[in-house]
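The lines below spell out each chain.
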Amino acid sequence: MTASNRRRRPTVTAAATLAALSLVTGVASAGQDGWGRPAPGSDGGGDSYYPQDGNGGYDVADYNLKVSYAPDSHQLTGLQTITARATQSLSSFNLDLKGLTVDTVKVNGQSAKFTRSGDHELVITPRVPLFKGLPFWAEIAYHGVPTPIKDPVLGNNGWQFSESGGAFVAGEPKSATTWYPANDTPRDKATFHLAITVPDEWGVISNGREGRSFAAPGGTTHVWAENTPAAPYMTTVAIDKWTFDRQQRKDGTPIVSAFAPGTPDTTKEAEAKLPEILDFLESKFGKYPVDAAGGIFLAEPIGFSLETLSRPIYSGRAGDESTIVHENAHQWYGDTVAVDHWKDVCLNECFASYATWLWDQAKHSVNLDDRYRTKVGAVTQGFWSGKLYDMGPGKEFTAVYSKGPMMLHALSKYIGQAAFDRVLKTWPALHRDGNANMQEFQHYAEAVAHKDLQGFFDAWIYGTGKPADQYLYPGDLKPAA
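Residues numbered from 1 in each chain as written. Predicted model: local features only at pLDDT ≥ 70, side-chain atom pairs only at ≥ 80, totals over all residues. Heavy atoms only, no water.

A.B. asks: Could you clarify how one ought to interpret the packing of aromatic side chains in this entry?
C.D. replies: Aromatic ring pairs are reported here in terms of the distance separating the ring centres and the angle at which the planes meet. One pass over the full model with this rule turns up 34 aromatic pairs. With 5.4 Å between their ring centres and 80° between their planes, Phe-280 and Trp-359 make a pair best called edge-to-face. With a gap of 79 residues between them, Phe-280 in helix α4 (residues 274-285) and Trp-359 in helix α6 (residues 346-364) connect regions that are remote in the sequence. Comparing Phe-280 with Trp-359, the two get one shared label, buried. Here the aromatic rings of Tyr-288 and Trp-332 are separated by 5.4 Å at their centres, their planes lie at 65°, and the arrangement is edge-to-face. Separated by 44 residues along the polypeptide, Tyr-288 in the loop between α4 and β21 (293-297) and Trp-332 in the loop between α5 (321-329) and β23 (337-339) bring together distant segments of the chain. Stacked on the ring of Trp-202, the Lys or Arg Lys-241 has its end atom at 4.9 Å from the ring centre. Across the ring face of Tyr-414, the terminal group of Lys-451 is positioned such that the distance to the ring centre comes to 3.9 Å. (Phe/Tyr/Trp six-rings, centres within 6.5 Å; stacked < 30°, edge-to-face > 60°. Helix = DSSP H or I, 4+ residues; strand = E, 2+ residues; numbered from the N terminus. Buried < 20%, exposed > 50% of the residue type's maximum accessible area, 1.4 Å probe, protein only. Lys NZ or Arg CZ within 6 Å of the ring centre and 35° of its normal.)

A.B. asks: Just checking my understanding: could you explain the state of the cysteines for this structure?
C.D. replies: Inspection of every chain in the model, using the stated rule, returns one disulfide. Bridging Cys-346 to Cys-350, the disulfide has an S-S length of 2.1 Å. In this structure, the disulfide formed by Cys-346 and Cys-350 twists by about -115° around the S-S bond and is classed as left-handed. Pair noted here: Cys-346 and Cys-350 are both in helix α6, with a separation of four residues, about one helical turn. (Disulfide = S-S within 2.5 Å.)

A.B. asks: Looking at this structure, I do not really get the UniProt feature "domain: Aminopeptidase N-like N-terminal" (unreviewed entry) in the protein chain. What am I missing?
C.D. replies: Under the UniProt annotation, the feature "domain: Aminopeptidase N-like N-terminal" (unreviewed entry) is placed at residues 62-233. The annotated region residues 62-233 carries 0% helix and 59% strand content, and the separation between its end C-alpha atoms amounts to 14 Å. (UniProt positions renumbered as here; feature names shortened; annotations may be inferred.)

A.B. asks: Even after reading the chapter, I still don't get the sheet that holds strand β22 (residues 313-314), so can you show me in this structure?
C.D. replies: Within a sheet, neighbouring strands are paired by backbone hydrogen bonds and run either parallel or antiparallel to one another. Read from one edge of the open sheet, four strands run β19-β20-β21-β22, paired in mixed fashion. Two strands bound the open sheet, and with one partner strand each, they are β19 (243-248) and β22. As judged from the two bridges shared by β21 and β22, these two strands associate in the parallel manner. When the sheet's bridge partners are listed, Phe-297 is paired in β22 with Tyr-314. (Pairing = 2+ DSSP bridges.)

A.B. asks: How should I be thinking about the nonpolar core in this particular structure?
C.D. replies: Here is a general trend for soluble globular proteins: nonpolar side chains tend to be buried in one another's company. Among the nonpolar cores identified, the biggest contains 81 residues, and Leu-281, Tyr-372, Met-407, Phe-441, Phe-456 and Trp-460 are the most heavily contacted of them. Per-element tally for this core: the top contributor is α6, with 10 residues. Counting contributing residues per domain, this core is built from domain 1 (40-159 + 192-230) and domain 2 (342-473), each supplying no fewer than three. Ignoring anything within four residues of it in the chain, the contact list for Trp-460 reads Tyr-372, Trp-384, Leu-388, Lys-403, Met-406, Met-407, Ala-410, Pro-467, Tyr-471 and Leu-472. (Core = buried A, V, L, I, M, F, W, Y, C linked by side-chain atoms within 4.5 Å. Domains from an automatic or database assignment. Contact = heavy atoms within 4.5 Å.)

A.B. asks: So what exactly am I meant to see when it comes to the domain arrangement of the protein chain here?
C.D. replies: Reports of interface size often rely on the accessible area that becomes lost once the parts have come together. By the assigned domains, the protein chain splits into domain 1 (40-159 + 192-230) and domain 2 (342-473). Summarising the inter-unit geometry, the C-alpha centres of domain 1 and domain 2 are found 36 Å apart. Domain 1 puts seven residues into the contact, and the matching count from domain 2 is 10 residues. Seen at the junction of domain 1 and domain 2, the total is zero salt bridges. Linking domain 1 with domain 2 are six residue pairs in polar contact (both at pLDDT 80 or more). Among the residues forming the side of domain 1 that touches domain 2, the class breakdown is five nonpolar, one polar and one charged. (Salt bridge = Lys/Arg side-chain N within 4 Å of Asp/Glu carboxyl O. Polar contact = N/O pair within 3.5 Å; in protein donor to acceptor, adjacent residues only side chain to side chain. Nonpolar A, V, L, I, M, F, W, Y, C, P; charged D, E, K, R; others polar.)

A.B. asks: I tried to follow the side chain of His-330 on my own but got confused; where do I start?
C.D. replies: Tracing the chain through its elements places His-330 in the loop between α5 and β23. On the basis of relative accessibility, which here comes to 0%, the residue His-330 falls in the buried class. At a separation of 3.2 Å, a polar atom in the side chain of His-330 contacts the side chain of His-326. Once residues within four sequence positions are removed from consideration, His-330 is found in contact with Glu-307, Asp-335, Asn-348, Glu-349 and Ala-352.

Put into structure tokens, the structure is as follows:
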């Protein structure tokens, strides 16, 4: 949903729960009063690429997760408390959880029936129906050995094991369901609170602000709180024998970064520039929209780095300045403003990729017009067949990294630099903590530029083929001699 229709999510209270329970006697008349007859929530979130990811019928406000993890056995034990609001009257609802064993489920404090279905569906039937508009909470106790989701392009996603004996979570478009129950769709963001217990010799880093650690049976409990609403795949945890670096931005925003054993000094030096990088991105995209920052630097050379909210996670072969700029640009483009559907992923990746161009221009005196012309002259005809919109499932993370920043540079020339800069800086605030699609971006750019952009968007984004010269070389861009 977009920011304009996002509503404030109230906290579940005891009074609200009693009110919900009192409605049991009024089930027969509920439909007449506007609640509707209770029915099962949908087992999918409505995305055309991944129709079974996510669920319908409710809106999560907060995940409060208590986990213990034993690195020697890989055994994870969890208790998830989900605070939500019913968006329809529910006789049952689904959560997404892959592979782990569910022990008990409670809804509003009462034991609930549950079954498993398909690859990752957990179907919960509360003792009392949940009525539209009312808050509820669900508690799920579970355990098991997490296993990753295997992606043919990116490799493993979700919970993964490190060579040190630790573990970490990273994956897109899905990963959270490998270690906790969730409504696994970017369209349902929620705050995320984690308390995780590990043996004393292990360190933990996660999203958001670091709380106070304390001794617990079996080791030490580490507390983290992400109060910026996050899509489930943007949440993470990483367990290793970290070296931590803690600093602050000028405005007091805490920066916590963690480096796995063996992290090269060049990576640590690049991350030391994070305050400067955030200041620069803030100058381009508006106020930093998250209340914490940092990075998680793995030893493992996984197939990607990822913009996990407030604290990106980096492949062991990617801790360089350009990647740090890219992943932190996502805090504006991709995280606090998430995709409406996965076919809109250019709104994430095209912009984060162009952020590295802007950084190179400002910090390394790179002439972006020259870069653009060189790239146009160097690509093959097949390059232009790459799609920036509705590219198909499994093809999301392709042309957006190469053709995407070229499209945005051409757009800056087509609508003029002043209008383009205004769009870049105001779009994230317009949709903060919500979702957006490509058509909304087009209409907003048109409104700011006072110009019909349908031809440009058809040439670069919605269609394939090399754009006509009026879109390929707009403004003062000219073909390379």
